[in-house]
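# Fold and contact review
Here is how the chains run, residue by residue.
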Amino acid sequence: MTVSFILNGEDVSARARSADRLSDFLKRAFGLSGAISDCRCGHCGRCLVFLDGRLVTSCLVPAFGVRGKEVVTFEGFAQTADYIDIAEGFKTAGVESCGFCSSARCMAAAALLERRPRPSPKEILEYMSCAPCRCTDPEIIVRGVQTAAEIRSRRLYRRAGR
Amino acid sequence: MRDAEVHFPKDLADALDIMRKRPGIGILAGGTDLFREQGGRGIALPDDVLFVRDLAELRRAGLTERFLEIGAAVTIAELLELGESALPPLLAEAVRGIGTPAIRNLATLGGNLAASGRFMDSWPALACLDGLVELRDQGGATWMNVNRLVGEGGRSAVPEGGLITRIRVPLEKWDIFALRKVGPRNYPTPDTAVFAFAARTDKGILVDFRIAFAGELALRSPAIESSVIGRALPLSARESSTVAESYRAAASFLPEGLSLQFGVLVESALGMLAS
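Given the structure is predicted, the values throughout are model-derived calculations rather than measurements.

The number of helices and strands found in chain A is 6 helices and 5 strands. Listed by position from the N terminus, the elements making up chain A come as β-β-α-β-β-β-α-α-α-α-α. Along the longest, intermediate and shortest principal axes, the C-alpha atoms of chain A span 45 × 40 × 20 Å. Across the 162 residues of chain A, 49% fall into the buried class. Counted over contacts in chain A with a minimum sequence separation of 6, partners at least 24 positions apart contribute 60%.

Across the boundary between the two partners, chain B contributes 26 residues, which contact 26 residues of chain A. When its residues are assigned to classes, the side of chain B that touches chain A shows 14 nonpolar, 8 polar and 4 charged.

Once that is clear, we can look at helix 9 (residues 237-250) of chain B. All names here are of chain B. Along its 14 residues, helix 9 runs 20 Å from first to last C-alpha, staying within 8% of the 20 Å computed at 1.5 Å per residue. Residues of helix 9 that are buried: Val 243, Tyr 247 and Ala 250. Buried residues of helix 9 fall within an arc of 60° about the axis and therefore sit on the same side. When the buried face of helix 9 is taken as reference, the exposed residues oriented beyond 90 degrees from it are Ala 237, Arg 238, Glu 245 and Ala 249.

For the rest of this paragraph, the subject is the sheet that holds strand 12 (residues 218-220) of chain B. Residues and elements named next belong to chain B. Here 4 strands make up an open sheet; going across it, the order is 9-10-11-12 and the pairing antiparallel. With partners counted over all chains shown, the strands left at the sheet margins are strand 9 (176-182) and strand 12, one partner each. Neighbour-to-neighbour, the strand axes of this sheet turn through a mean angle of 10°, independent of strand direction. Where strand 9 and strand 10 (residues 193-202) come together, 7 bridges link them in antiparallel fashion. In the strand pairing of strand 10, Ile 176 is matched with Ala 199.

One finds Leu48(A), Met107(A), Ala108(A), Ala109(A), Leu90(B), Trp123(B) and Ala196(B) to be the most contacted residues of the largest nonpolar core, which totals 139 residues. Broken down by element, this core gets its largest block of residues, 9 residues, from helix 4 (residues 102-115) of chain A. Residues from two domains meet in this core; each of domain 1 (2-77) and domain 2 (81-161) of chain A gives at least three.

What counts, and at which threshold
Residues numbered from 1 in each chain as written. Chains lettered and ligands numbered in written order. Predicted model: local features only at pLDDT ≥ 70, side-chain atom pairs only at ≥ 80, totals over all residues. Helix = DSSP H or I, 4+ residues; strand = E, 2+ residues; numbered from the N terminus. Buried ≥ 20, exposed ≤ 12 C-beta atoms within 10 Å, placed from the backbone. Contact = placed C-beta atoms within 7 Å. Nonpolar A, V, L, I, M, F, W, Y, C, P; charged D, E, K, R; others polar. Expected span 1.5 Å × (residues − 1). Arc of directions from axis to C-beta. Pairing = 2+ DSSP bridges. Axes fitted to C-alpha atoms, helices over the stretch in contact; angles between N-to-C directions. Core = buried A, V, L, I, M, F, W, Y, C linked by C-beta atoms within 7 Å. Domains from an automatic or database assignment.

In structure tokens, the structure reads:
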């Protein structure tokens, strides 16, 4: 079947099999490798994407399920101001995520800050469970997200003041 | 792998019409359980699939004076967003234990109840709260207690041929309640199970008492519950011990590890009534 949807801001269409997971479909049909099918059970977080603005594990989404919807992969997310805030916050706090979890953590942090501009450590750790990886001390990650939250708030404040 | 024919109904009537024309059609909403279980690259689907996730009728949630009514395709995240004032605390606690935030954005309450082969996190809480599910087919709608989703030997027995459309949760107040999840939190295994307990008291008398426990098998015993209701609080050590023993006997069909954990949780719940 042909699936039409918005991918990283552009209208796209491609043929999908009913058996396709979204993560596999994005790579096969569009050459995107930001969402990686690794565990294929929603556990590792390497396949995170935004589906209609909500963070989801794309390995648990049927490709046909994005018909008429909007998908943002890490490639698209990395072009946003939110990503820049989070990358800066992580860098300032000394978060040195590994290649396995780096993009997923940024996306999980963005999803959290969208809902909770000033998240608690508990909320941060809950969202970071979307990308479970032991490469970084959880306390440093909490500091990273809190620093990113401050940077983001300042940016939004400046923008609102214009 | 053969390509399934996927149907995208425009509304509930259309969905029911497709179900009538294609008996045995597979119903898919969030898909998290099905996709997680299969693990491989391609997903084996039935020849015909009815994709109900976006049906407006299944995506509404509403509050009346007596009930919270939740569309079967409302996601767990959307359910939590209703807030503490709308969501019974026992149910809130149960659904908070489901997956990660990214999975909760996909998984639906209907899917959590209709998962094949096991009970998921919401069932014990809904069983304690006397939740109802609406099952629709071309013949009309039937409301049934979630306790009727338990079949022989405590196994899951979701009726076939119908579509779960709504879940109704009575908004009664419970004085004492607890919910515990045992086993892996973010993905269910044979060792995963959820224990729910709720009790209501009036002038020192236990006027209602419920315990439900479920993983691959479910246990709720109205007979034991009835034997406790009406007793004066706090329960004596002898009363607690008799009830705990009854539950131990009732749980003998559970795997040994879960049976032992259930026993400990029952004692802990009874301890709340003894203090």
